[in-house]
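Residue-level structure breakdown
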Amino acid sequence: MVGELEFEKPVIELRKKIAELKEFTKNADVDLSSEIEKLEARLEKLEKDIYENMKPWDRVQIARHPGRPTTLDYISVLFNDFFECHGDRTFGDDEAIVAGVAKYHGLPVTVIGHQRGKDTKENIRRNFGMPHPEGYRKALRLMYQAEKFRRPIICFIDTKGAYPGKAAEERGQSEAIAKNLFEMASLKVPVVCIVIGEGGSGGALALGVGNHLHMLENSTYSVISPEGAAAILWKDASLAKKAAESMKITAPDLKELGIIDEIIPEVKGGAHRDLKKQAEEIDQILYHSLQELTKMSEEELIEHRYAKFKSIGEFSTEKESIGVK
């Protein structure tokens with residue numbers, strides 16, 4: 001069963017009531033079809049009101065849903081002949097990041113993504129999708145390989161952030177992330193990045209320097225979690241909902257700010273409702289991106305990436321704009 005979220009409770013309760021009435025009519029000689037039709041019409045309106053007017057915190061909840069599809073889920077549907085590669089050739093293998101070679105519509109590609117677990121045991125094995133330095137170095141090793149063999153790179157972003165533990169710091173967490181940012185900026189092959197869940201801090205950005213950056217409609221992308229921001233701003237992590245409202249971390253906000261390229265529509269209620277249908281939505285945007293980028297030369301790809309990030313943000317050189325006289 002797909003877990004229900006707090007803001008979805010009215011929809012869930014109405015669905016249950018409709019199901020109960022349908023079950024009742026099977027075992028009783030009573031015609032309740034008109035009542036069921038009225039409830040179904042009411043349900044349709046309720047779903048539209050709720051899912052088309054979600055608050056930022058509602059989207060955060062969906063992005064964190066335990067049943068939300070992961071990188072490996074999308075790989076199984078979108079790609080053929082996926083061959084996973086392991087290890088960074090320096091320390092070891094980090095299962096919080098999966099990387100390998102596959103075929104996408106017949107085109108050889110390199111696929112890299114954060115990977116969290118579906119249950120407690122797998123989450124522990126994959127460190128809840130929070131990579132150590134060796135995870136980022138594995139990703140970079142596969143990027144170098146993709147550049148050597150002229151394969152486009154597709155990155156799936158889904159992490160709360162890079163692991164902040166002592167061992168990660170001792171092995172150079174900051175350096176590993178910084179190097180990924182630096183090297184991805186100058187890759188000579190197309191790079192398409194897709195935020196499929198949470199995109200948290202540098203841990204997400206280390207796979208996010210691409211020619212195109214897309215987001216699923218109910219995913220998030222920010223420098224810090226709402227809880228972290230609330231703890232810093234108001235010394236109270238319980239004000240996360242308030243922080244989410246002002247942080248501009250949702251796909252619609254980031255599209256308006258010019259940080260992402262496309263919003264990928266989600267299945268009503270979230271991607272966890274229908275993996276296959278959600279993968280079809282991703283496929284449309286991803287295919288279009290690669291069609292556009294594979295026509296560019298190496299120099300054009302690098303310049304395109306540079307121009308994309310240079311254009312983010314606004315500034316003014318006028319002294320009056322910052323109150324200087």
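Here we summarise the structure given alongside this text. From a predicted model like this one, the values you see are computed outputs, not experimental measurements.

Moving on to the overall build of the protein chain. Within the protein chain one finds 14 helices and eight strands. Against the globule reference of 20 Å for 325 residues, the protein chain gives a C-alpha radius of gyration of 22 Å, in line with a compact fold. Across its three principal axes, the protein chain shows a C-alpha extent of roughly 70 × 60 × 40 Å. Counting across all 325 residues of the protein chain, residues that qualify as buried make up 47%. Contacts in the protein chain between residues far apart in sequence, at least 24 positions, make up 71% of those at least 6 positions apart. On the protein chain, roughly 17,000 Å² of surface is accessible, and the fraction owed to carbon and sulfur atoms is 54%. Separation of charge centres in the protein chain, based on 47 positive and 54 negative side chains, amounts to 3 Å.

The subject of this paragraph is the pairing of strand E6 (residues 212–216). Counted residue by residue, E6 has five buried out of five residues, so it is predominantly covered. Neither face of E6 is open: one carries His 212, His 214 and Leu 216, the other Leu 213 and Met 215, and all of them are buried. Note: strand E5 (residues 191–200) against E6, four bridges, orientation parallel. In the strand pairing of E6, Ile 194 is matched with His 214. Direction of pairing for E6 relative to strand E8 (residues 262–264): parallel, over a ladder of three bridges. What sits directly across from His 214, in E8, is Glu 262.

This brings us to helix H11 (residues 240–247). Considered for burial, the residues of H11 that qualify are Ala 240, Ala 243 and Ala 244. Looking down the long axis of H11, one finds its buried residues gathered within 100° of arc, a one-sided arrangement. Check the buried side of H11 and you find it contacts helix H3 (56–63) and helix H10 (226–234). Positioned one or two residues after H11, Lys 248 has a phi angle of 60°, which is positive.

Calculation rules
Residues numbered from 1 in each chain as written. Predicted model: local features only at pLDDT ≥ 70, side-chain atom pairs only at ≥ 80, totals over all residues. Heavy atoms only, no water. Helix = DSSP H or I, 4+ residues; strand = E, 2+ residues; numbered from the N terminus. Rg over C-alpha atoms; globule rule 2.2 N^0.38 Å. Buried < 20%, exposed > 50% of the residue type's maximum accessible area, 1.4 Å probe, protein only. Contact = heavy atoms within 4.5 Å. Areas by Shrake-Rupley, 256 points an atom, 1.4 Å probe, with all protein chains shown as cover. Lys, Arg positive; Asp, Glu negative; His and termini not counted. Charge placed at Lys NZ, Arg CZ, Asp CG, Glu CD. Pairing = 2+ DSSP bridges. Arc of directions from axis to C-beta.

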